[in-house]
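Analysis of the macromolecular model
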Amino acid sequence: MFKTKGIYFLVGIKLPQDDVSIVEESMKELEGLVKTAGGEVVGSLIQNRQHIDPAYYIGKGKVEEIDFLFDRTENQESALVFNASLSPAQVRNVQEVLDCRVITRTELILDIFALHARSQIARLQVETAQLSYLLPRLMGQGVSMSRTGGGIGTRGPGETKLETDRRKINNRISILKKELKHLEKSSLERRKSRSDVFKVAIAGYTNAGKSSLSTRLIGEELLIADQLFSTVDTTTRKLKLGGVPAVLTDTVGFIRDIPHELVESFKSTLAETAYADLVIHLVDLSSPFFEEKKKTAEILLEEIEVKAPILLIFNKLDLVETQTILDAKVTYPQAVFLSAKNSDGIVELQEYLKVKALDFIGLKNADTPIWYQ
Ligand SMILES: Nc1nc2c(ncn2[C@@H]2O[C@H](COP(=O)(O)OP(=O)(O)OP(=O)(O)O)[C@@H](O)[C@H]2O)c(=O)[nH]1
Ligand SMILES: [Mg+2]
């Protein structure tokens, strides 16, 4: 889909109801996504609009302006990246004016997932999501082909080819779903076999430090990187709680406007979180937008129907001013504050998890330590 090397120009819009700082942050995040995918951002633009343009998403004049601003050569891989999911017609129209590839935020995220998926299950899930994204777009192209093709003789073959492509994709999706079902059965059985083990899952916005905290709690190095969606697979390991039977799952993170195709195809992965006995919601307190990211994750946790208690943990304390910590403590008196990097607060968290695990297995009805109440 998206060729990773090359130069990219980012495009976003601000509608009257949008908060300007959140739009800017979302564009920064888009830049982070391009970098994670291996591309270079050479320019970026946000257009203020009253509404989305149905034909071009941004105004046609703006598209022409970008053509002028986006300095690219023919033998260079380049594309325009929209911070949104455009309709097939909008993509086509912009491409016609610019003679340049157009990529949507959704495609970019799907591409990173494909790049980072390691396990068989994650690969199958990503491919399912990519094909589900492609399918309606293929149909969109077909409609236009039959219209622009117009005359006798063009319509039939065009549609036949389209039908063949659609059938092929649908067939592939069914094969993938069957294979996934098979794999999901084994993970369901694994989960059942752990029914008397205390299961903790770490959830949260991408780059919050989930794998860093997991590494601390399980004593095994997981992949940690300052990029978006480093983790796409699921790792479940024993928690180090002095022999108390408990496991921890580190898995894929969340992002604003997450493609619904991904949520759909990653259902079984997200089920690891949904069926945990305790969910840690990790928030990067050093982000100026931590409240908005926290909200995004909360909405997704609700969507995947997490039933377990959720423990809110603020991470990256080492990067945060004391006043911000004090304010957050007032707003969230139940939350835990720590730094996965320098281990501040980790021992206390382990103690807390131990109490919860013992409670769960019914061996001990210990009181919750005072500082968590
Ligand atoms: N300063 C500081 N950096 C941290 C802390 N925790 C994590 N990081 C850094 O934050 C970045 C992301 O950490 P990860 O553990 O990979 O985050 P994640 O939530 O697993 O991210 P994804 O898997 O990409 O969703 C890395 O560069 C970490 O070194 C912390 O407490 N303090
Ligand atoms: Mg991770």
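1. Considering the pattern of salt bridges
Any two side chains of opposite charge can pair, so long as their charged atoms come close to each other. Overall, the coordinates contain 19 salt bridges when judged by the stated rule. Note that Glu65 is salt-bridged to Lys62, the shortest N-O span being 3.1 Å. Of this pair, Glu65 and Lys62 both sit in helix 2 (residues 60-69), three residues apart, roughly one helical turn. Between Asp165 and Lys161 there is a salt bridge, with its nearest N and O atoms 2.8 Å apart. One end of the pair, Asp165, and the other, Lys161, are both in helix 6 (residues 155-193), four residues apart, so they sit about a helical turn from each other. Beyond isolated ion pairs, a larger network of salt bridges with shared partners links Glu29, Arg105, Arg256 and Glu292.

2. Looking at the site of ligand 1
The local shell around ligand 1 holds 22 residues, among which Lys210, Ser212, Ser230, Thr231 and Asp318 are the closest. Contacts to ligand 1 include Lys341, whose backbone N or O atom sits 3.1 Å from an oxygen atom. Against a free-state accessible area of 660 Å², the protein chains account for coverage of 92% of ligand 1. Per-class residue counts for the shell around ligand 1 are seven nonpolar, 10 polar and five charged.

3. A closer look at the layout of surface pockets
Here the largest pocket defines a volume of roughly 910 Å³. Elements with a minimum of two residues in the lining of the largest pocket: helix 1 (20-36), helix 7 (210-218) and strand 8 (278-284). No other element matches the seven residues that helix 1 contributes to the lining of the largest pocket. Residue composition of the lining of the largest pocket, grouped by class: 11 nonpolar, 15 polar and 13 charged. Around the second largest pocket, the lining comprises 23 residues; the ones closest to its centre are Glu184, Glu264, Lys267, Ser268 and Ala271. Elements represented by at least two residues in the lining of the second largest pocket include exactly helix 5 (120-149), helix 6, helix 8 (260-265) and helix 9 (267-274). When residues of the lining of the second largest pocket are assigned to their parent elements, the largest contribution, seven residues, is made by helix 6. The residue inventory of the lining of the second largest pocket, partitioned by class, reads eight nonpolar, five polar and 10 charged. No fewer than three residues from each of domain 2 (119-184) and domain 3 (194-372) sit in the lining of the second largest pocket.

4. Side note on the coordination of the magnesium ion (ligand 2)
Protein coordination at the magnesium ion (ligand 2) comes from Ser211 (OG) and Thr231 (OG1), with a distance range of 2.0 to 2.2 Å. Here Ser211, found in helix 7, pairs with Thr231, found in the loop between helix 7 and strand 6 (235-238); they are 20 residues apart in sequence, far enough to count as distant. Given the relative accessible area of 16%, Thr231 is considered buried.

5. Quick word on helix 10 (residues 290-303)
Here helix 10 is 14 residues long and its end C-alpha atoms lie 20 Å apart, about the 20 Å a rise of 1.5 Å per residue gives. Restricting attention to buried positions, one finds in helix 10 the residues Phe290, Lys293, Lys294, Thr296, Ala297, Leu300 and Leu301. Buried residues of helix 10 fall within an arc of 160 degrees about the axis and therefore sit on the same side. At its buried positions, helix 10 is contacted by helix 1, strand 5 (198-204), helix 8, helix 9, strand 8 and strand 9 (310-315). Looking one or two places after helix 10, you find Glu305, whose phi comes out positive at around 60 degrees.

6. Remarks on the packing of helix 7 against helix 12 (residues 346-361)
Here helix 7 crosses helix 12 at 70 degrees, and the two axes come no closer than 11 Å. Here helix 7 lies roughly perpendicular to helix 12, going by the angle between them. Where helix 7 crosses over helix 12, the handedness of that crossing is right-handed. When helix 7 is examined against helix 12, the residues Leu213, Arg216 and Leu217 are found in contact with a partner set consisting of Ile346, Leu349, Gln350 and Leu353. Partitioned by chemical class, the residues of the contact of helix 7 with helix 12 number five nonpolar, one polar and one charged.

7. A closer look at the domain arrangement of the protein chain
As far as domains go, the protein chain holds domain 1 (7-113), domain 2 (119-184) and domain 3 (194-372). Taken residue by residue, the interface counts 10 residues in domain 2 and eight residues in domain 3. Both sides of the domain 2 and domain 3 interface together cover about 690 Å² of buried area, and 58% of this is carbon and sulfur. When the buried area of domain 2 at its contact with domain 3 is split by residue, Ala122, Gln125 and Ala129 rank highest and sum to 53% of it. Counting the contacts that link domain 2 with domain 3 gives zero salt bridges. Put simply, domain 2 and domain 3 have five residue pairs in polar contact (both at pLDDT 80 or more) between them. Tallied by class, the residues present in the side of domain 2 that touches domain 3 amount to five nonpolar, four polar and one charged.

Cut-offs used in this document
Residues numbered from 1 in each chain as written. Chains lettered and ligands numbered in written order. Predicted model: local features only at pLDDT ≥ 70, side-chain atom pairs only at ≥ 80, totals over all residues. Heavy atoms only, no water. Salt bridge = Lys/Arg side-chain N within 4 Å of Asp/Glu carboxyl O. Helix = DSSP H or I, 4+ residues; strand = E, 2+ residues; numbered from the N terminus. Near = heavy atom within 4 Å. Polar contact = N/O pair within 3.5 Å; in protein donor to acceptor, adjacent residues only side chain to side chain. Areas by Shrake-Rupley, 256 points an atom, 1.4 Å probe, with all protein chains shown as cover. Nonpolar A, V, L, I, M, F, W, Y, C, P; charged D, E, K, R; others polar. 1 Å grid on protein atoms, 1.4 Å probe; cavity = no way out; pocket = protein on both sides within 12 Å on 5 of 7 lines; lining within 4 Å. Points joined across faces, edges and corners; volume = space filled by probe spheres on them. Domains from an automatic or database assignment. Donors = N, O, S within 2.8 Å, 3.2 Å for Na, K, Ca; no water. Buried < 20%, exposed > 50% of the residue type's maximum accessible area, 1.4 Å probe, protein only. Expected span 1.5 Å × (residues − 1). Arc of directions from axis to C-beta. Contact = heavy atoms within 4.5 Å. Axes fitted to C-alpha atoms, helices over the stretch in contact; angles between N-to-C directions. Parallel < 35°, antiparallel > 145°, perpendicular 65-115°, else oblique. Left-handed = near helix turned anticlockwise from the far one by under 90°. Buried area = accessible area lost by both parts, 1.4 Å probe.

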